[in-house]
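# Secondary and tertiary structure notes
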Amino acid sequence: MAPTRKPTDGLLARVNFPLYAIEMVTSRHVLVAGGGGASKTGVANGFEIYEIHHDGDKYVADEVIRHETGPTVVMNCAVKNDEKRTLLMAGQESHCQMYLVNTVIDCGDNLGANAASPGSNKTDTEGLRKRRSISQQRTSGTTPSVPADTEKKPSTGNQPQRKQIRFEIKTADSVQTDFTEAEPLQRVVRISPNGRLMATGGMDGHLRVWNFPKMTLRSDIPAHTKEIDDVDFSPDSKHIVSIAKDGLGVIWLINQDKESKKLVWNPPANCRYLLKRCRYGLVEGQKDKFRLFTLANPFAKAGKAKGLLQQWDPEAGRLTGVVEIDESLAALAVRDDGRFVAVGTMFSGSVSIYIAFSLQRVLHVPNAHAMFVTGLEFLPVTNFDGPSVTGDSEAAVLSISVDNRICVHSLPYRHSLPAWVAIFAIIFILFMTFCFCSYVGL
C-alpha cells in the first residue's frame, strides 16, 4: 500500500490565473505559467518564479518575480539553463516567444538599491512586476536572510555578506511554429539536453526541429495527421518521440529526419487508447541506457477502461511494463536521475509517484487539486548550479492545475532495517542452524 501525503505537504502557493506549464529554472527556483486568455475577464496572463526551500518542517515557496504577457496566455514552455544564461521558450498562440532570464546576485550594500520590496507592483519597461527578492543562501549554519526592504543593520568584520538572487526578464526573438489555417496553436515545446535543438508541435501535426538558440528551422516533419499532444528528446539528444491525436507514437532519428520506431502495443479488452504524454528517463547507473514512459487514455466513452502508465524499451520500441490506473491521466514527469516517475489524473486531480524500473507505486495523493493536473515537475537532485533543495524526503514533486494552485508532494524515506539489526539476525540464524545440526547429530 502506497503511503498517503504527509500533513506538512500540500499547498505551496496560489496565483491569480489558471496554470498550464511548470519548469525548474534553477535547482531551487520553479517557474509556473498560464493565464485566462485574450478574453477581457480580468484574469492575467504570464508567469511567475518562486524559490523553493525547506524550513526543517515543510517545503516553502517564496515569490521572486512575476511577468505578465499581455493578451496572450502561456500554454507551454521550456527552459534551458547553463552557466552563462537562462532562456525561456514560451508557447503563446501560434508562436514561440523567447525570454532572457538574467540572474542577478546582490550582496552587501547593493541589496537595498537593487532589490524590490515585498508587495511592490511597480512595472518596469519590460512589463515586469518585482515583488520580492529571495535569499540564495539557506544552508544550515548561516545567518537566515531577510527581505531586502528590512532595515539593514551595520555590518561587522565577522559577519558574512548576505546574498540575494533576483531575476531580470527581457523579451527576445519570436518565431511562428504552427501553421494551421483556422486557429494555429503551439501545443508543446522542448529543448534538447545538449542545448543545440528545440522541437515544437502544434495543431497542424508537424514536428518541427529548430537550431537553438538561433531558432532557425532545421527540419519540418509531417509526423502526424492530427494535432501533436507531446514530444520529448532522448537524453543523448539523438532521438525525439512524438505522440498525437491520430493515435500514433513515433520515435524519430534526428540526424536523418526519419522514423526509427513506432510505439506498437495491444490495448486491453479491445479498447481503443490514445497516447497522452511521453517522457524519456535515464536508467540509474547507465548513462547510455534510457527508458521511455508514456500515458495512454481510453478513447471517448470506454466503460470501465482505465488509464495506463507505460514503460518502453525505446531501442526496440517494445512495451516492457504497464500499470492500470482507475481514471484518465493528464500529466507525467520523470526525475532527472531516472529513479522516480510521477503522474497526475484528469478527473480527481490526484498525484502519484512510482519507482521507475518496477512501476511500483510508493506515494498516492488523492484529490491533490480541485481540477485536473496540468503539470508536474520533480525537485531536481543532479544540478550544476548549486545544491538542490534538501528535506526529510526521498523525492518531492511539484504539481499545478487550473485551480490556480502550486502544490508539493514528498515521499518519506522508506524504512529499512538498521545494519546492526541485520547483523544480529544473521548471527542468530547461524547460531540456530548450528544448534539444530548438533541436535540431529549432523
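What you see is a predicted model; the values in this text were computed from it and never measured. (Residues numbered from 1 in each chain as written. Predicted model: local features only at pLDDT ≥ 70, side-chain atom pairs only at ≥ 80, totals over all residues. Heavy atoms only, no water.)

### Remarks on the environment of Thr 390
Mapped onto the elements, Thr 390 comes out in the loop between strand 28 (373–378) and strand 29 (393–401). The class for Thr 390 is exposed, based on a relative accessible area of 61%. Spatially, the C-alpha atoms of Thr 390 and Ile 52 are 9.9 Å apart, while their sequence positions differ by 338 residues. (Helix = DSSP H or I, 4+ residues; strand = E, 2+ residues; numbered from the N terminus. Buried < 20%, exposed > 50% of the residue type's maximum accessible area, 1.4 Å probe, protein only.)

### Quick word on the UniProt feature "repeat: WD" (unreviewed entry) in the chain
Under the present numbering, the feature "repeat: WD" (unreviewed entry) in UniProt falls on residues 189–211 and 221–262. Helix and strand shares over residues 189–211 are 0% and 61% respectively, and the end C-alpha atoms of the span are 13 Å apart. (UniProt positions renumbered as here; feature names shortened; annotations may be inferred.)

### Quick notes on a nonpolar patch on the surface
A cluster of nonpolar residues, Phe 424, Phe 428, Ile 429, Phe 431 and Met 432, forms a patch on the protein surface that exposes about 560 Å² of accessible area. The topology assignment puts Phe 431 in helix 2 (residues 419–440). Overall, Phe 431 belongs to the partly exposed group, its relative accessible area being 49%. (Patch = residues over 30% accessible without salt bridge, like charges linked within 9 Å, V, L, I, M, F, W, Y side chains within 5 Å. Areas by Shrake-Rupley, 256 points an atom, 1.4 Å probe, with all protein chains shown as cover. Salt bridge = Lys/Arg side-chain N within 4 Å of Asp/Glu carboxyl O.)

### Notes on unusual backbone geometry
Omega for the bond connecting Phe 212 with Pro 213 falls within 30 degrees of zero, at 10°, which places this linkage in the cis form. For Glu 93, which is not glycine, the phi dihedral falls at a positive 60°. Mapped onto the elements, Glu 93 comes out in the loop between strand 7 (86–92) and strand 8 (95–107). Residue Glu 93 is classed as partly exposed on the basis of its relative accessible area, which comes to 42%. Of note in the backbone geometry, Ser 237 takes a positive phi value of approximately 65° without being a glycine. For Ser 237, a relative accessible area of 8% translates into the label buried.

### Concerning the sheet that holds strand 12 (residues 186–191)
An order of 12-13-14-15 is seen for the 4 strands of this open sheet, with the pairing classed as antiparallel. The open sheet is flanked by strand 12 and strand 15 (216–221), the only strands paired with a single partner. Taking each pair of neighbouring strands and ignoring which way they run, the sheet shows an average axis angle of 20°. As paired elements, strand 12 and strand 13 (residues 197–202) share 5 bridges and run antiparallel to each other. Opposite Val 189, over in strand 13, you have Thr 200 as the bridge partner. (Pairing = 2+ DSSP bridges. Axes fitted to C-alpha atoms, helices over the stretch in contact; angles between N-to-C directions.)

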